[in-house]
Structures are given as structure tokens and as C-alpha cells.
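Residues per chain are reported as follows:
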Amino acid sequence: MSGAVGAFRALHRGRAPQDPLVLPGPWDAASARVFAEAGFPALATPSAGVAASLGYEDGATPPDEMFAAITRIVRAVDVPVSADIESGYGLPPKELVARVLDTGAVGVNLEDSEAGALLPAEAQAARLAEVRAEAGDRLFLNARVDTYVRGVPDPEETIRRARLYVAAGADCVYPIFAPPDHLPLLAAEIEAPLNAHALPDGGPPIPELGRLGATRITFGPGLHRRTMAALREIATSL
């Protein structure tokens with residue numbers, strides 16, 4: 001496991017500006033295999049996509065089912081997998097880390113909002129520090145910053161939160177839905193790799209997001225939704 005985590009960390013380092021790390025989001029074992037066979041060096045599960053594949057609304061997946069789904073995805077491929085575990089399901093850090101490690105995932109996303117509201121940044125930083133202390137170097141910690149999705153579009157607040165999370169041990173920060181024109185400022189002011197959200201069929205192209213400051217690109221449930229749209233067209237034609 002330590003080798004896989006190290007390899008995953010290394011993928012975030014030394015990247016050319018126009019060549020960010022692209023991590024597709026598998027929602028089940030079959031989609032994970034498709035992405036791995038296409039040559040992507042690592043994957044990052046989206047909680048919303050996994051939820052939809054299990055028949056739940058986003059945010060309503062029981063933890064046992066989410067961890068079981070992550071385990072199946074990890075088992076299906078031979079590339080590192082990072083897991084979106086929302087805000088951690090209320091689990092204490094020791095149990096949370098143990099359950100993630102049991103899935104075989106090499107990293108996690110942890111978001112700083114619950115029930116539609118931002119958590120206090122200092123409290124989230126303290127929780128991240130506890131997760132880091134429990135995990136040591138066994139997990140890559142991607143701290144999601146939810147300011148832009150919770151009605152706080154001020155980049156200064158995003159930067160404040162991100163700096164607290166990096167100081168607490170986060171390896172990467174993810175200001176989800178940050179406008180592309182904010183990325184240069186965020187990248188300049190946050191001393192950690194920057195994860196940007198991309199649309200699979202719209203928005204700035206991936207190399208442009210990299211030039212703007214993104215080190216890592218993920219798609220949330222976008223790839224699952226695009227696949228479902230294609231499947232609906234097939235179903236209609238049948």
C-alpha cells in the first residue's frame with residue numbers, strides 16, 4: 001500500500017502547466033476497468049456517481065454501501081484509486097482511516113460542508129489534522145473547499161480555508177466549482193497542488209485549466225451523467 005500511495009503522490013509533482021493530472025471518476029468496477037484500460041494512471045471515485053449507481057441520491061448513501069463500492073472499484077483495477085467519502089459520515093478519525101484503508105484506496109476527499117452549510121474552518125482543520133495523524137503517510141488527503149457551492153464566492157475565504165487545511169496536513173486542496181478566472185490567484189496563494197473541477201463536455205479544455213493553475217483535474221459525477229445520457233439515447237432507440 002505504501003508504494004501505491006507514494007506513486008499516487010508522485011503523480012501530483014513536477015507536472016508541466018499544460019499537463020495536469022487527469023483523474024476520471026469511476027462509479028463501479030466496470031467503469032473503473034474502462035478508465036484503467038484507457039491508460040489513466042490513477043482514478044478518483046465521485047460520491048454522487050457511486051450513489052446513483054447504488055440507487056441513492058447524492059449524500060444519502062449508507063457508509064457501509066459506499067465503502068463496499070469503493071472496495072469493488074479498487075479490486076477491479078491495478079492503478080491507485082482515491083475515494084470521495086463526502087464529509088466522513090460522522091465517523092471518528094481512527095475508524096474513518098481504518099475503513100478507508102480496508103478498501104485499498106490510497107487517498108480520500110473530505111469536504112468542509114454538511115447539510116448544505118459550511119463547517120467552521122478551524123474545526124475542519126482540526127479534523128483533518130486528526131485524520132492525518134491517524135493515517136500517517138498511508139493516505140493522500142485531498143481537502144475539498146466548498147465555498148463556491150455554499151454561496152461564499154470570495155476567493156480570500158477559499159484561500160484562508162485552504163491554508164488552514166494545508167497546515168493541518170492536507171496534500172491537495174479542491175475548491176470545487178471555483179471559476180476558471182480564480183484559479184491563478186488560488187494557485188499563487190495556496191502552497192499545495194490545486195484540484196479543479198472540469199466538465200466532460202463543456203467549459204475550458206483541460207490544458208487550459210492546467211495553465212491557469214490546476215495540478216489535478218476531476219469531473220465529479222459528470223462522466224457518469226454523460227454515460228447515462230448516452231444510455232438513455234440507446235434505450236429510446238430500442
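Our structure is the block above this text.
Residues numbered from 1 in each chain as written. Predicted model: local features only at pLDDT ≥ 70, side-chain atom pairs only at ≥ 80, totals over all residues. Heavy atoms only, no water.

> What is the right way to read the environment of M66 from this model?
Summarising the element assignment, M66 is placed in helix α4 (residues 63-76). On a C-alpha basis, the gap between M66 and A51 in space is 7.6 Å, while along the polypeptide they are 15 residues apart. Apart from residues lying up to four places away in sequence, M66 is in contact with S47, V50, T61, D84, E86 and Y89. (Helix = DSSP H or I, 4+ residues; strand = E, 2+ residues; numbered from the N terminus. Contact = heavy atoms within 4.5 Å.)

> Help me out: how do you make sense of the packing of aromatic side chains in this one?
The description of an aromatic ring pair rests on the distance of the ring centres and on the angle between the ring planes. Under the criterion given, the structure shown has three aromatic pairs. Ring centres of F8 and F140 lie 5.1 Å apart, and the angle between their planes is 85 degrees; this geometry places the pair in the edge-to-face category. One end of the pair, F8, is in helix α1 (residues 2-10); the other, F140, is in strand β7 (residues 140-145), and 132 residues separate them in sequence. By the burial criterion, F8 is buried, and F140 matches it. (Phe/Tyr/Trp six-rings, centres within 6.5 Å; stacked < 30°, edge-to-face > 60°. Buried < 20%, exposed > 50% of the residue type's maximum accessible area, 1.4 Å probe, protein only.)

> Whenever I open this one, the sheet that holds β7 confuses me. Can you help?
Strand pairing in a sheet takes place through backbone hydrogen bonds and is either antiparallel or parallel in direction. Strand order in the open sheet formed by five strands is β2-β3-β4-β7-β8, and the pairing between neighbours is parallel. Each edge of the open sheet carries a strand with a single partner, namely β2 (43-44) and β8 (172-175). Looking at chain direction, β7 and β8 are connected through four bridges and run parallel. Bridging across to β8, A143 finds its partner in V173. (Pairing = 2+ DSSP bridges.)

> What is the right way to look at the nonpolar core in this model?
When a protein is soluble and globular, its nonpolar side chains tend to lie buried together. Counting 57 residues, the largest nonpolar core has I70, V77, I85, L110, Y165, I190 and I217 as the members making the most contacts within it. The greatest single-element share of this core, amounting to seven residues, is contributed by α4. Setting aside its immediate chain neighbours within four residues, I70 contacts T45, A83, I85, T103 and A105. In this structure, A42, A44, V106 and C172 belong to the second largest nonpolar core, which totals ten residues. (Core = buried A, V, L, I, M, F, W, Y, C linked by side-chain atoms within 4.5 Å.)

Geometry only, nothing functional implied.
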